[in-house]
Amino acid sequence: MICGGAGYIGSHVAKSVAEAGHEPVVFDNLIAGHRWAVRWGPLVEGDLMDRGRIEAAIREHGIEAVVQLAGSINVGESMQDPGKYFRNNFSISLNLLEAMDATGVKRIVFSSSAAVYGIPEGNPITEEAAKAPINPYGEAKWFVERALDWYTRARGFQCLTLRYFNAAGADPDGEIGEMHSPETHLIPLVILGAMGVRPPVKVFGMDYPTADGTAVRDYIHVRDLARAHLLGVEYLARGGESTAANLGTGQGVSVLEVIGAVGEVSGKPVPYERFARREGDPPALVAAAVKASQLLGWRAERSGIRQIVEDAWRWSGKARREGLYSE
Ligand SMILES: NC(=O)c1ccc[n+]([C@@H]2O[C@H](COP(=O)([O-])OP(=O)(O)OC[C@H]3O[C@@H](n4cnc5c(N)ncnc54)[C@H](O)[C@@H]3O)[C@@H](O)[C@H]2O)c1
């Protein structure tokens, strides 16, 4: 069961899982997800606050394992409305764990985030680095991770936590892709700015201690990310121990490099506006990516920035032609 499977990353996970011969059942309240993105198995339209509905779905579909991607994802909003983030990240996940326990399903892969590390002491960031979230979004993810640890110890759960860095790109076949509202992620913002669908992208901070002065992040192709979830479910089915692993590439890419890649793919210079640094944005966030490959036999295959941008560009063009941005 893919909770949040109508969303950006969850729909790619559903596709990877289906390609491997499993049947993904999507559980999603469609608050931010899309009916068009559920294509590889049934959709149970429900809210993770509704424990009865989760238990019924688990029983009806004979669920063997759960991937939990559902939740609210806007870090800035979490600073304005922390309650929403503790409810719609932590409380829903706790409710899900209770429903799983009651129905005897004990395998879960959980979407966590680099946000649990806060402002790291250095890069690359290993899984053992201090957990010091600087916003309610990251704190709620960390609360879920702590709860998973106790469900492992006390209730015999097997839990694999995947801490994503920056998910980006789109399905190489063009069937699904990124569609958030509001959009806060850099690559779609640069692309939509270049297409003239949105104003030029805002670059916050040109004076960071990085090679070109702009912030550096670790972008991972959503297809690579999705495959790691499939391998994660298989790892748990083999009896794998509960643990947490970063999902990134180990390579940092700056904001200006992203803008340059979009310029190359589009064939024309990309407009952008310069702004001061935003509070709480670290200069660089780059994953130590060794653990996921050792644990899962996983490798990022499509995560070069040029490939990510090409796939995202193609998807944005298609989404624009089909009127999905005005939905
Ligand atoms: N996109 C990234 O770069 C990134 C980075 C780190 C972590 N993550 C995490 O990955 C997960 C997926 O992110 P995404 O970008 O695909 O977001 P998304 O908003 O596209 O998908 C989230 C899905 O969860 C559903 N949902 C939300 N609350 C729900 C509830 N109470 N009950 C049922 N369904 C609910 C939404 O309808 C949506 O389909 C999130 O947990 C996010 O925090 C994402």
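Look up a bit, the structure's there.
Reference entry: report on the structure contained in this document. Just so it is clear, the structure is predicted and the values come from calculations on it, not from any experiment.

**Points about unusual backbone geometry**
Part 1 of the argument: In this structure, Pro 124 follows Asn 123 across a cis peptide bond, with omega equal to -5°.
Part 2 of the argument: Structurally, Pro 124 can be placed in the loop between strand 5 (107–113) and helix 5 (136–155).
Part 3 of the argument: Omega for the peptide link from Ser 181 to Pro 182 comes to 0°, which places this bond in the cis form.
Part 4 of the argument: Counting through the fold element by element, Pro 182 comes out in the loop between strand 7 (166–168) and helix 6 (186–195).
Part 5 of the argument: Positive phi is not limited to glycine here, since Leu 30 has a value of about 60°.
Part 6 of the argument: Structurally, Leu 30 is set in the loop between strand 2 (26–28) and strand 3 (43–45).
Part 7 of the argument: With a relative accessible area of 17%, Leu 30 lands in the buried category.

**Structural notes on the nonpolar core**
Part 1 of the argument: Counting 27 residues, the largest nonpolar core has Ile 9, Val 13, Leu 247 and Trp 298 as the members making the most contacts within it.
Part 2 of the argument: Those elements giving two or more residues to this core turn out to be helix 1 (8–19), strand 6 (158–164), helix 7 (222–237), strand 11 (243–247) and helix 9 (290–296).
Part 3 of the argument: At eight residues, helix 7 tops the list of elements feeding residues into this core.
Part 4 of the argument: Apart from the residues lying within four places of it in its own chain, the contact partners of Leu 247 are Leu 162, Arg 163, Tyr 164, Phe 165, Ile 220, Leu 225, Ala 228, His 229, Ala 292 and Trp 298.

**Some words on the pattern of salt bridges**
Part 1 of the argument: One pass over the full model with this rule turns up 22 salt bridges.
Part 2 of the argument: We note a salt bridge from Glu 45 to Arg 35, for which the minimum N-O separation is 3.0 Å. In this pair, Glu 45 is assigned in strand 3 and Arg 35 in the loop between strand 2 and strand 3, connecting sequence segments ten residues apart.
Part 3 of the argument: For Glu 45, a relative accessible area of 38% gives the class partly exposed.
Part 4 of the argument: On the accessibility criterion, Arg 35 (51% relative accessible area) is exposed.
Part 5 of the argument: Here Arg 51 makes a salt bridge to Glu 55, at a shortest N to O gap of 2.7 Å. Remark: Glu 55 and Arg 51 occur in helix 2 (residues 51–61); sequence separation between them is four residues, near one turn of the helix.
Part 6 of the argument: Given a relative accessible area of 15%, Glu 55 falls into the buried group.
Part 7 of the argument: Each of the salt bridges in this network shares a partner with another, and the network as a whole consists of Lys 15, Arg 39, Asp 171, Asp 173 and Glu 175.

Reading the values: rules and limits
- Residues numbered from 1 in each chain as written.
- Predicted model: local features only at pLDDT ≥ 70, side-chain atom pairs only at ≥ 80, totals over all residues.
- Heavy atoms only, no water.
- Helix = DSSP H or I, 4+ residues; strand = E, 2+ residues; numbered from the N terminus.
- Buried < 20%, exposed > 50% of the residue type's maximum accessible area, 1.4 Å probe, protein only.
- Core = buried A, V, L, I, M, F, W, Y, C linked by side-chain atoms within 4.5 Å.
- Contact = heavy atoms within 4.5 Å.
- Salt bridge = Lys/Arg side-chain N within 4 Å of Asp/Glu carboxyl O.

Any link to function would need more than the numbers given here.
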